[in-house]
Amino acid sequence: MSWKQVVLSDVCEVVAGQSPPSSTYNKDGFGYPFFQGKADFGAIHPSINTWCSKPKKIARPNDVLLSVRAPVGPTNICNVEAAIGRGLSAIRVSGDIIYTYLLHFLRSYAPILASKGSGSTFAAITQKDVKNIPIPLPPLEEQYRIVELLGRAQALIDKRKEQIALMDQLVQSLFYDMFGDPLTNPKGWPLKRLGDIGNIQTGNTPSRKEAENYGDHIEWLKTDNILSDSWYVEEAKEKLSVEGEKKARIVESGSILVCCIAGSPQSIGRAGMTNRRVAFNQQINSISPKKIMNSIFLLYHFRVGQKLVQQASTASMKGMVNKTAFSNILFCVPPIELQNTFAERVQQIETQKQAMTNSLKELQDNFNSLSQRAFKGELTQ
């Protein structure tokens, strides 16, 4: 490859964000849109949630916004004139580089940039780090070709993600069609307390003062292992020892784990199913269904009717549903034969979704490989 190698400051202006006094923020649309960091980012463009009446640093349309602290590396394209806080840098391209090429390159470079982050409280990089990012600089014609190539590959990924999301919506539609809205029970199904349709446990944490409780024997799940877009709970990083298992709360395969203490009320009620024997912490309530309930039906009753759990939560900033309140939540109990029919249809849909998920991973792997080759000059015509 004979492309010119530059550092970012050779071909771009770097505008370091600076946070104005919080008294100048508002939610009423007064002043400039205000982007503070990764939390404002979308797939390509940031979302406007806050405005600022007295900005200190301004990003322009088509500036590349780079998150420089907690986390380091994510990027977006600014599509409005906006104020930026100290969590962001706005990178303004010159005539030698196009902003979409820079965006793709920075996304491929993000893992390396993230590894440069340092700080005692959270990871951050300096403006010097940003300005010294090495960039391969092909002719503009080649930059446009790379952008077009990666754009087509990204479009395939976006399409597959849409299809997977539609599969999730299909299951929800099937639930509503067969059973109605669990919040209002329009079909008049019998209602029973959760405590009467399954065995309920609240998880716990074996003492950390006793090192022998932790090891490599059985997974110990936390609420972040319960994913809203995955049927089964995610594998836990932390595990207990044989001794720790004796002091833990354990469930078998086919149980439902429900997030009942969370940092935000919106996370309360998130549910996932176990497909193996696991332990879990005190932020989770489990329910192991009795014979009158199909596990898959019960899982989707939680997901479609998540508000039933949220309504049982305390009104505190950190939502909480204790075991008693959880046990008293009323769930619909249709005939088991109908629950089983629903479960069979869901399993068919889930099989198709899994195939699409595997395809998505292949597309993402191909995109990453294509991106790496493009910036090494290995796709030159």
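One can find the structure itself at the top, above this paragraph.
Computed from a predicted model, the values in this text were never measured in an experiment. (Residues numbered from 1 in each chain as written. Predicted model: local features only at pLDDT ≥ 70, side-chain atom pairs only at ≥ 80, totals over all residues. Heavy atoms only, no water.)

**Q** When you look at the nonpolar core in this model, what are you seeing that I'm missing?
**A** The tendency in soluble globular proteins is for nonpolar side chains to be buried as a group. By size, the foremost hydrophobic cluster in this structure holds 40 residues, and its most contacted members are Leu194, Ile256, Phe302, Phe326 and Phe342. Breaking this core down by element, the ones donating at least two residues are helix 4 (140-179), helix 5 (194-197), strand 17 (256-259), strand 18 (271-273), helix 7 (295-304), helix 8 (306-310), strand 21 (330-332) and helix 10 (336-375). With seven residues, the top contributor of residues to this core is helix 7. Once you skip the residues sitting within four places of it in the chain, Phe342 turns out to touch Val171, Leu174, Phe175, Met178, Phe179, Ile296, Phe297 and Tyr300. Counting residues in hydrophobic clusters, the runner-up holds 38 residues, among them Val11, Ile91, Phe105 and Ile146. (Core = buried A, V, L, I, M, F, W, Y, C linked by side-chain atoms within 4.5 Å. Buried < 20%, exposed > 50% of the residue type's maximum accessible area, 1.4 Å probe, protein only. Helix = DSSP H or I, 4+ residues; strand = E, 2+ residues; numbered from the N terminus. Contact = heavy atoms within 4.5 Å.)

**Q** Would you explain the sheet that holds strand 18 in this entry?
**A** In a beta sheet, neighbouring strands are held together by backbone hydrogen bonds and run either parallel or antiparallel to one another. The strand order across the open sheet built from four strands is 13-20-17-18, with neighbouring strands paired in antiparallel fashion. Two strands close off the open sheet at either side, each with one partner strand: strand 13 (198-202) and strand 18. Neighbour-to-neighbour, the strand axes of the sheet open up by a mean angle of 20°, direction not taken into account. As paired elements, strand 17 and strand 18 share three bridges and run antiparallel to each other. Pairing of Ile256 across the sheet is with Met273, part of strand 18. (Pairing = 2+ DSSP bridges. Axes fitted to C-alpha atoms, helices over the stretch in contact; angles between N-to-C directions.)

**Q** What is the right way to read helix 2 (residues 99-115) from this model?
**A** Each turn of an α-helix holds 3.6 residues, which means side chains three or four residues apart point in the same direction. The first and last C-alpha atoms of helix 2 sit 24 Å apart over 17 residues, in line with the 24 Å expected at 1.5 Å per residue. Maximal helix bending in helix 2 amounts to about 55°, located at Tyr109; proline Pro111 follows within four positions. Three or more residues of helix 2 are buried, namely Tyr101, Leu102, Leu103, His104, Phe105, Leu106, Ser108, Tyr109, Ala110 and Leu113. (Expected span 1.5 Å × (residues − 1). Bend = angle between axes of the 7 residues up to and from the residue.)

**Q** Whenever I open this one, unusual backbone geometry confuses me. Can you help?
**A** The phi angle of most residues is negative, glycine excepted, and most peptide bonds adopt the trans form. A cis amide bond links Ala70 with the next residue in sequence, Pro71, at an omega value of 5°. Phi at Asn185 is positive, roughly 50°, even though this residue is not glycine. Among the structural elements, Asn185 can be located in the loop between helix 4 and strand 12 (191-193).

**Q** What am I meant to see in the sheet that holds strand 14 (residues 214-221) here?
**A** The four strands are arranged 15-14-19-16 in an open sheet whose pairing can be described as mixed. In the strand order of this sheet, the two ends are held by strand 15 (239-240) and strand 16 (250-251), each with one partner. Bridge count between strand 16 and strand 19 (residues 278-280): two bridges; the pairing is antiparallel. Across the sheet, residue Ile250 finds its bridge partner in strand 19, namely Ala279.

**Q** How should the environment of Pro206 be read in this particular structure?
**A** If you trace the backbone, Pro206 turns up in the loop between strand 13 and strand 14. Contact partners of Pro206, with chain neighbours within four places excluded, come to Asn213, Tyr214, Trp220, Leu240, Gly244, Lys247 and Ala248.

**Q** Mind showing me how you'd approach the packing of aromatic side chains here?
**A** The relative placement of two aromatic rings is captured by the distance of their centres and the angle of their planes. Overall, the coordinates contain 17 aromatic pairs when judged by the stated rule. Ring geometry for Phe175 versus Phe342: centroids 5.5 Å apart, planes at 85°, classification edge-to-face. One end of the pair, Phe175, is in helix 4; the other, Phe342, is in helix 10, with 167 residues separating them in the sequence. Across the pair, Phe342 and Phe175 agree in class, each one buried. Ring centres of Trp231 and Tyr232 lie 5.8 Å apart, and the angle between their planes is 10°; this geometry places the pair in the stacked category. Three or more aromatic residues joined by ring pairs make a cluster, and in this case those are Phe175, Phe179, Trp189, Trp231, Tyr232, Phe297, Tyr300 and Phe342. (Phe/Tyr/Trp six-rings, centres within 6.5 Å; stacked < 30°, edge-to-face > 60°.)

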